[in-house]
2 protein chains.
Amino acid sequence: MARVTIYSIARELGVSASTVSRAFSRPDLVRSDVRERIMAEADRLGYAPNRAARGLATGRTGLIGLLVPDITNPFFPPLVRAVEQAAGARDVGVLLVDAEANGRAEPRLVRQLAAQVDGLVVASPRASSAALKDVVGGLPAVVVNRTIQGLPGVVCDNTGALRAAADHLREHGHTKLALLRGPADSWAAGRRAQAVRRWADEHEVELVELGPFEAQFEDGRAAARVLVDSGATGILAFDDLMACGVLSGLAELGVHAPVDVSVVGCDDVLLARTMTPALTTVTAPIDELGRRAVELLEQVVAGEAVRSARVEGVLTVRGTTGPAPRRRRG
Amino acid sequence: MARVTIYSIARELGVSASTVSRAFSRPDLVRSDVRERIMAEADRLGYAPNRAARGLATGRTGLIGLLVPDITNPFFPPLVRAVEQAAGARDVGVLLVDAEANGRAEPRLVRQLAAQVDGLVVASPRASSAALKDVVGGLPAVVVNRTIQGLPGVVCDNTGALRAAADHLREHGHTKLALLRGPADSWAAGRRAQAVRRWADEHEVELVELGPFEAQFEDGRAAARVLVDSGATGILAFDDLMACGVLSGLAELGVHAPVDVSVVGCDDVLLARTMTPALTTVTAPIDELGRRAVELLEQVVAGEAVRSARVEGVLTVRGTTGPAPRRRRG
DNA sequence: CTGAAAGCGCTTACAG
DNA sequence: CTGAAAGCGCTTACAG
């Protein structure tokens, strides 16, 4: 059977193709009874406007790109879902690209995406600001969990929650804390380290800094040995995966949370809830992060002025933190 | 500055637009020196063919759709990555859609996707075969981890590995096994249950079946109580998430793996490796699954005849299985 | 190997 | 509120 287009519907109904087109793109411009006849006929024939043709005519693709640094990191699936949902509600599709934890590949990936989308959500990029801005060029883009001069963004600020976490540890008698730093090129890692450092300064609490580490389970595991040697009993890990790793490494050395040490993660990914005991961590409003990113992007695409947004993490106390042990090890 | 098209490049170089077009779409048809001049100029101007225009002319979008039932289930991120990588290698983009664990939404989502892609990878769908086939219509599609009459697919067969797991438990002295069944509408769940059931029949081993459960951590947790009451010491869970949940629930009841019970998961997702102790499970070649799906889809799109593919899981013994306890509880 | 021209299926400024 | 027509930027059958 012949492909159904605005022309075939128009002919069938004795109206012009323009009117059929308007019934879909600007329904308010079409008299309601005409519009209804058109919609009924379209429905009957299973018609949907050809996206390529529409795109060619309007210059819009109806697609946004979403670049994530590592889809297998449990932080990102919920973000992807939130972005996808928000985009879907606007009838725009999401072209997903995974940088496979390779920051240097990001500029190339952004460039490829840029040619086929109306806008870009770039989550937690690792590449340099300059490289990123260069490839983004004039394309509408919003950055998630990083601030880049000149690009709108939405970040999760965990400063307050991390300070609360540190307070929580101190109140439980932990007098020596350790910070497991995240990747050197991660903006979030820098911010988190800074928050903890500042807190320690203010409270004159001894803080051991370890890392930088990659945000991987194995890197957390590898940190267990030095951690034990450091004598710190309160541990703030860059993220949940690293917290999970360090707990695993510590368990192997016979050191257990919350009795021997207390461990706090960050993000509150699925993993944090499935561990036994469940992880004390900073809960990030990931859904909101994704939703706000799409809202912002929509505004940028529409040419409106936008303000970067900020959401906040909150401390969630679970099973991996508790009173400091009475005696020091060693 | 004016937008760069095949026309602007053609004018610049004193050739026809057709030739510029061919330099990109059918380079073999253009004399090499001409082609090189065109490419150099395009490069200089940052030109890339307009996808919408190309799509309108060819009827191809250069996009495939990927429908996953639940992106937050840790099985899918690695699959998404594999599909995305294989697609990227063919210069096709991936439009990701998440059904958010709602099987009844799948037909609608497929229908929406269908309008904007050249083909579809449908992963572990929950909707009925009839509904799925109806919405897929004539669109090239390949199904992952489910067989649907008339649609090509690539499945992971875990039969052998699950039998090996059951053997492993029996060899360790477990005389009563429990099977935690997965979702009722999950094809994989049915297959896995069947494999275990058949093994138990053949070996005259007592098998307690529990479920169906949703493939969620909490559902696994909720199963702990009945499991303990059943007296089974060897547990085969539908997937890793459920295994993880049941371990958590059991721990709360003072029952621990591998000393009191042995637990086997399925899939070998990230979670399985980050648990302490690490989970004995069936390792699925997820990357291969994704890669094969894209290969198959490419062939279908090209109009070639294809054969459904099958890959196999293998048993990976880790820390949650061991000798059956000497005395029965209760 | 190259060019002129038609066509892909929409949108939208313009005229009515 | 509706229609005729031009245009979006490619591809490709056809002719040379």
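Everything below is about the structure shown above.
Here the structure is a predicted model, which is why all the values come from computation and not from measurement. (Residues numbered from 1 in each chain as written. Chains lettered and ligands numbered in written order. Predicted model: local features only at pLDDT ≥ 70, side-chain atom pairs only at ≥ 80, totals over all residues. Heavy atoms only, no water.)

(A) Fine view of the overall build of chain A. Counting its regular elements, chain A contains 14 helices and 12 strands. Against the 2.2 N^0.38 benchmark of 20 Å for 330 residues, chain A shows a C-alpha radius of gyration of 25 Å, more extended than a compact globule. The principal-axis extents of the C-alpha atoms in chain A amount to approximately 90 × 40 × 35 Å. Every one of the 330 residues in chain A was classed for burial, and the buried ones make up 53%. (Helix = DSSP H or I, 4+ residues; strand = E, 2+ residues; numbered from the N terminus. Rg over C-alpha atoms; globule rule 2.2 N^0.38 Å. Buried < 20%, exposed > 50% of the residue type's maximum accessible area, 1.4 Å probe, protein only.)

(B) A look at the relation of the copies chain B and chain A. You can overlay chain B on chain A at an RMSD of 0.2 Å; the transform is a turn of 180° with a shift of 0.1 Å along its axis. The symmetry that links the two subunits is that of a two-fold axis. When the interface residues of chain B are mapped onto chain A, 100% of them again lie at the interface, so the same face is used by both copies. (Least-squares fit on C-alpha atoms with pLDDT ≥ 70 in both. Contact = heavy atoms within 4.5 Å.)

(C) Main features of the state of the cysteines. Residue and element names in this part refer to chain B. One pass over the structure, following the stated rule, counts zero disulfides over all chains. Here Cys156 is not disulfide-linked; the sulfur of Cys266 is the nearest cysteine sulfur, at 7.2 Å. By relative accessible area, which is 1% here, Cys266 ends up buried. (Disulfide = S-S within 2.5 Å.)

(D) Expanded view of the protein's contact with DNA strand C. Neighbouring DNA strand C are 26 residues, the closest being A:Arg3, A:Ser21, A:Arg54, B:Thr19 and B:Arg22. Expressed as a percentage, the sugar and phosphate content of the atoms of DNA strand C within 4 Å of the protein is 59%. A:Arg22 places a polar side-chain atom, nitrogen or oxygen, 3.0 Å from a base nitrogen of DNA strand C. Between a phosphate oxygen of DNA strand C and a main-chain N or O atom of B:Ser16, the distance comes to 3.0 Å. Looking at the surface near DNA strand C, the elements with two or more residues in it are helix 1 (6-13), helix 2 (17-25) and helix 4 (51-58) of chain A together with helix 2 (17-25) and helix 4 (51-58) of chain B. Taken together, the residues of the surface near DNA strand C break down into 11 nonpolar, nine polar and six charged. (Near = heavy atom within 4 Å. Polar contact = N/O pair within 3.5 Å; in protein donor to acceptor, adjacent residues only side chain to side chain. Nonpolar A, V, L, I, M, F, W, Y, C, P; charged D, E, K, R; others polar.)

(E) Expanded view of the protein's contact with DNA strand D. Around DNA strand D there are 26 residues in total, and A:Thr19, A:Arg22, B:Arg3, B:Ser21 and B:Arg54 lie nearest to it. Sugar plus phosphate, as a fraction of atoms of DNA strand D within 4 Å of the protein: 60%. One of the side-chain N or O atoms of B:Arg3 is found 3.3 Å from a phosphate oxygen in DNA strand D. In this structure, B:Arg22 approaches DNA strand D through a side-chain N or O atom, which is 2.9 Å from a base nitrogen. Contributing elements (two or more residues each) for the surface near DNA strand D: helix 2 and helix 4 of chain A together with helix 1 (6-13), helix 2 and helix 4 of chain B. Residue composition of the surface near DNA strand D, grouped by class: 12 nonpolar, nine polar and five charged.

(F) Up close: the interface of chain B and chain A. Listed per partner, the contact involves 37 residues of chain B and 37 residues of chain A. Taken together, the two surfaces of chain B and chain A that pack against each other cover about 3100 Å², and 64% of this comes from carbon and sulfur. Our enumeration of links across chain B and chain A arrives at four salt bridges. Taking the shortest distance from any N to any O, the salt bridge between B:Asp98 and A:Arg81 comes out at 2.5 Å. Secondary structure elements with two or more residues in the side of chain B that touches chain A: helix 4, helix 5 (76-89), strand 2 (93-98), helix 12 (240-252) and helix 13 (270-274) of chain B. For the side of chain B that touches chain A, the class distribution of residues is 21 nonpolar, nine polar and seven charged. (Buried area = accessible area lost by both parts, 1.4 Å probe. Salt bridge = Lys/Arg side-chain N within 4 Å of Asp/Glu carboxyl O.)

(G) Region of the structure containing the sheet that holds strand 7 (residues 206-210) of chain A. Residues and elements named next belong to chain A. Strand order in the open sheet formed by four strands is 7-6-8-9, and the pairing between neighbours is parallel. In this open sheet, the two strands that pair with only one neighbour each are strand 7 and strand 9 (262-264). Within this sheet the neighbouring strands show an average axis-to-axis angle of 20°, counted without direction. Inspection of the sheet shows strand 6 (residues 176-180) paired to strand 8 (residues 234-237) by four bridges, in the parallel sense. (Pairing = 2+ DSSP bridges. Axes fitted to C-alpha atoms, helices over the stretch in contact; angles between N-to-C directions.)

(H) Quick look at the pattern of salt bridges. Taken as a whole, this structure holds 46 salt bridges over all chains when the rule is applied. Each member of the salt-bridge network shares a partner with another, and the members are A:Asp70, A:Asp98 and B:Arg81.

(I) Looking closely at the packing of helix 5 of chain B against helix 14 (residues 286-301) of chain B. Residue and element names in this part refer to chain B. Across the interface, helix 5 lies against helix 14 with an axial gap of 8 Å and an inter-helix angle of 40°. Classed by the angle they form, the pair helix 5 and helix 14 counts as oblique. For the crossing formed where helix 5 meets helix 14, the hand is right-handed. Between helix 5 and helix 14, the contacting residues are Pro78, Leu79, Ala82, Val83, Ala86 and Ala87 on the first element and Ile286, Asp287, Leu289, Gly290, Arg291 and Val294 on the second. Residue composition of the contact of helix 5 with helix 14, grouped by class: nine nonpolar, one polar and two charged. (Parallel < 35°, antiparallel > 145°, perpendicular 65-115°, else oblique. Left-handed = near helix turned anticlockwise from the far one by under 90°.)

(J) Local environment of the packing of helix 1 of chain B against helix 2 of chain B. Residues and elements named next belong to chain B. The contact between helix 1 and helix 2 brings their axes to 8 Å, and the two run at 115°. In terms of axis orientation, helix 1 runs roughly perpendicular to helix 2. Helix 2 is crossed by helix 1, and the crossing has right-handed handedness. From helix 1, Ile6, Tyr7, Ile9 and Ala10 reach across to helix 2, where they touch Ala17, Val20 and Ser21. Here the contact of helix 1 with helix 2 is composed, by residue class, of six nonpolar, one polar and no charged.

(K) Spatial organisation of the side chain of B:Thr321. All names here are of chain B. Structurally, the position occupied by Thr321 is in the segment after strand 12 (314-316). Here His168 takes part through its side chain, which lies 2.8 Å from a polar atom of the side chain of Thr321. A polar contact is formed between the side chain of Thr321 and the side chain of Thr280, at a distance of 2.8 Å. With residues near it in sequence (within four places) discarded, Thr321 still touches His168, Leu169, Pro258, Ser262, Val263, Val264 and Thr280.

(L) Structural detail: the environment of A:Ala48. Among the secondary structure elements, A:Ala48 is positioned in the loop between helix 3 (32-45) and helix 4. Sequence separation of A:Ala48 and A:Thr281 is 233 residues, and the distance between their C-alpha atoms is 47 Å.

(M) Up close: the pairing of strand 4 (residues 141-144) of chain B. All names here are of chain B. Burial along strand 4 is two-sided: Ala141 and Val143 and Val142 and Val144, pointing in opposite directions, are all buried. As judged from the four bridges shared by strand 3 (residues 119-123) and strand 4, these two strands associate in the parallel manner. Bridging across to strand 4, Ala123 finds its partner in Val144. Traced from strand 3 through helix 7 (residues 129-136) to strand 4, the parallel crossover comes out right-handed. (Right-handed = clockwise from strand over helix to strand, strands pointing away.)

Any functional reading would require information beyond the geometric quantities listed.
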